[in-house]
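Per-entry structural report
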Amino acid sequence: MFCHLRPVRRLCLEKIFSPWFVYSRALSAAEAVNALRPFYFAVHPDFFGQHPKEREINENSLKRLSVYLENLQKPGFKSLKPTQLMFYVRGTDQNSSDGHEPFSTSGFRAVKFTLHTRDLLSTVLYILNSCSLSIEHIQSSNTNVHSQPLKEAKRMSDRPIKWDKSYYSFTGFRDPDEDLEQVSRMETTLTWQRSWGIAHRCSQLHSLGRLAQQNLETLKKAKGCTVLFTDRSGVSAVGHVMLGTMDVHHHWVKLFERLPSYFDLQRKLMLLEDQISYLLGGIQVVYIDELQPVLTLEEYYSLLDVFYNRILESRMPFHPQSLRGLQMILNSDRYAPSLHELGHFNIPVLCDLANLQWFILTKAQQARENMKRKEELKVIENELIQASTKKFSLEKLYKEPSISSIQMVDCCKRLLEQSLPYLHGMHLCVSHFYSVMQDGDLCIPWNWKNGEAIK
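Conventions used here
Residues numbered from 1 in each chain as written. Predicted model: local features only at pLDDT ≥ 70, side-chain atom pairs only at ≥ 80, totals over all residues. Heavy atoms only, no water. Helix = DSSP H or I, 4+ residues; strand = E, 2+ residues; numbered from the N terminus. Buried < 20%, exposed > 50% of the residue type's maximum accessible area, 1.4 Å probe, protein only. Contact = heavy atoms within 4.5 Å. Phe/Tyr/Trp six-rings, centres within 6.5 Å; stacked < 30°, edge-to-face > 60°. Pairing = 2+ DSSP bridges. Patch = residues over 30% accessible without salt bridge, like charges linked within 9 Å, V, L, I, M, F, W, Y side chains within 5 Å. Areas by Shrake-Rupley, 256 points an atom, 1.4 Å probe, with all protein chains shown as cover. Salt bridge = Lys/Arg side-chain N within 4 Å of Asp/Glu carboxyl O. Bend = angle between axes of the 7 residues up to and from the residue. Polar contact = N/O pair within 3.5 Å; in protein donor to acceptor, adjacent residues only side chain to side chain. Axes fitted to C-alpha atoms, helices over the stretch in contact; angles between N-to-C directions. pLDDT = per-residue confidence, 0-100.

What follows concerns the environment of Glu369. Secondary-structure assignment places Glu369 in helix H16 (residues 353–391). Note on Glu369: relative accessible area 47%, which makes it partly exposed. Between the C-alpha atom of Glu369 and that of Leu342, which follows or precedes it by 27 residues, the distance is 9.2 Å.

The structure is reproduced here in structure tokens:
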């Protein structure tokens, strides 16, 4: 399960496996949280502050739903009792009242449904469909839901035909059980935060392999997650499971055991991001690894919570969805907002909110232009990387995460003006300094000049 050196792209599975298998692949807990994000945004009690009755009903129903989802993930469960739920659903861009109770003058409607599903994927689809919420974000994401209409999916039997192994041997069809077992071993992605040499990476993988032999069931809780080898253990702001390379196995085991509670916190964090977006005219709250300090999930949630409470009290009058398509990141190390060259706003948690509103409104158009320029730069960057790789016959050309597209474009343009035959077959990394890594990769600064970095 954890023995793969290269990340596996799950999107390719749709081309490899049969439609039946792609549709029926199990959904991980982390994927379920993300897939239900539109639902949580539509029913979250915080949006029903002026309607105490509806707020209480949604709170109780969410608690019962949480218990139902947790029981679905318990190993060895056979069946669950049907659970009837009722929610008051806010009007959003994703839902419609077609075929359902109309929205009231308060902007919400009552929805009742009974859960009697047997897995996370069918549960997620049933909830979204019952609330008239789109499932396109599931179909286009790494859950690989088959694109057949949901009505057809609902008619599929929850007890599919179980053929004997000889059937697949005789017909030559793929055995979905074998495919599922193969994918379950490939789903967890391993990566590294820093450029450790191959010897260090192998050592870390051996350590994780030994832990898997001793506590395989515990490690299975990370199914569907990205496991990141880094300097400290925890869960990152973007939901990656961080394994501190200096920590002992005991710390790793405790982390894996606590993952379900982290998934719950991640769900709350995403709701908090949506609430901030709702109050700020639809601007999207993002976390960019390369441009922000490494934060744990708890640290980032605390940052968001402080900012949310501040803007909730100030009630800044942004027109709904007027800033849709724009992005912002939160930080705690400055006191004045700024606009990044890549198009996102840098918003300090403790900035003056009156000035913040004026700044965002006056810089919105420039932000859109910067974001368009960023996409154009990304295309140019990829073209120059391919051209440089081909010209110098490089085995690999890549950059450190801290190198921007502008810096990479500048570096590659000047490289293409040179004749560098001794780079043939090498791994070249664009960084901030000259070095040779343990596994032979050559690092050069992006602002190199005549063999020396510009001071």
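Back to the write-up after that little detour.
Here the focus is helix H6 (residues 120–130). Summarising burial for H6: eight of the 11 residues are buried, a large majority. Considered for burial, the residues of H6 that qualify are Leu120, Leu121, Thr123, Val124, Leu125, Ile127, Leu128 and Ser130. Two residues or fewer after H6 comes Ser132, characterised by a positive phi angle close to 60°.

Along the chain, the position of Thr296 falls in the loop between strand S7 (284–285) and helix H15 (297–314). Those residues in contact with Thr296, other than ones at most four positions away along the chain, are Arg232, Val235, Ser236, Ala237 and Met242.

The geometry of an aromatic ring pair comes down to the distance between the two centres and the angle between the two planes. For the structure shown, the criterion picks out nine aromatic pairs. With a centroid separation of 5.6 Å and 85° between ring planes, the pair formed by Tyr88 and Phe108 is classed as edge-to-face. Note that Tyr88 is positioned in strand S1 (residues 83–90) and Phe108 in strand S2 (residues 108–115), a separation of 20 residues in sequence. When sorted by exposure, Tyr88 lands in the same class as Phe108, which is buried.

Side chains of strand S10 (residues 345–348) alternate between two faces, with Phe345 and Ile347 and Asn346 and Pro348 buried alike. Of the strand pairs in this sheet, strand S8 (residues 327–331) and S10 are connected by four bridges, and their pairing is parallel. The partner of Ile329 across the bridge, within S10, is Asn346. Judged from the two bridges that link them, strand S9 (residues 338–339) and S10 form a sheet pairing that is antiparallel. Among the inter-strand pairings, Leu339 is bridged to a residue of S10, identified as Phe345.

The next thing to look at is the side chain of His344. Note on placement: His344 falls in the loop between S9 and S10. On the basis of relative accessibility, which here comes to 3%, the residue His344 falls in the buried class.

Below, the discussion takes up a nonpolar patch on the surface. There is a patch of nonpolar side chains on the surface, built from Val306, Tyr335 and Leu350 and spanning about 330 Å² of accessible area. When you line up the elements, Tyr335 lands in the loop between S8 and S9.

So, about H16. The largest bend along H16 measures about 55° and falls at Ala364. At the N-terminal boundary of H16, the capping side chain belongs to Asp352, with an oxygen 3.2 Å from the backbone nitrogen of Ala354. At the C-terminal side of H16, Ser393 shows a positive phi close to 55°.

Once that is clear, we can look at the sheet that holds S7. A sheet is described by the order of its strands in space; here four strands give the open sequence S7-S8-S10-S9, paired in mixed fashion. In this open sheet, the two edge strands, each paired with only one partner strand, are S7 and S9. Its contacts with the sheet put H15 on S7, S8 and S10, and the angle it makes with S8 is roughly 105°.

With that settled, consider the confidence of the model for the chain. Model confidence for the chain is summarised by a mean pLDDT of 77, while 77% of its residues fall at 70 or above. Looking over the chain, one finds the lowest element-wise mean pLDDT in helix H1 (residues 13–16), namely 32, and the highest in S10, namely 93. Confidence drops under pLDDT 50 across residues 179–186; counting only partners more than four residues distant or on other chains, this segment forms 17 contacts.

Moving on: the sheet that holds strand S14 (residues 442–445). Ordered in space as S11-S12-S14-S13, the four strands form an open sheet in which the pairing is mixed. Where the open sheet ends on each side, the last strands, each with one partner, are strand S11 (396–399) and strand S13 (435–436). Of the pairings in the sheet, the one linking S11 to strand S12 (residues 427–431) comprises four bridges and is parallel in character. Pairing of Leu397 across the sheet is with Leu428, part of S12. Sitting on the sheet, helix H17 (residues 405–415) touches S11, S12 and S14, and the angle it makes with S11 is about 145°.

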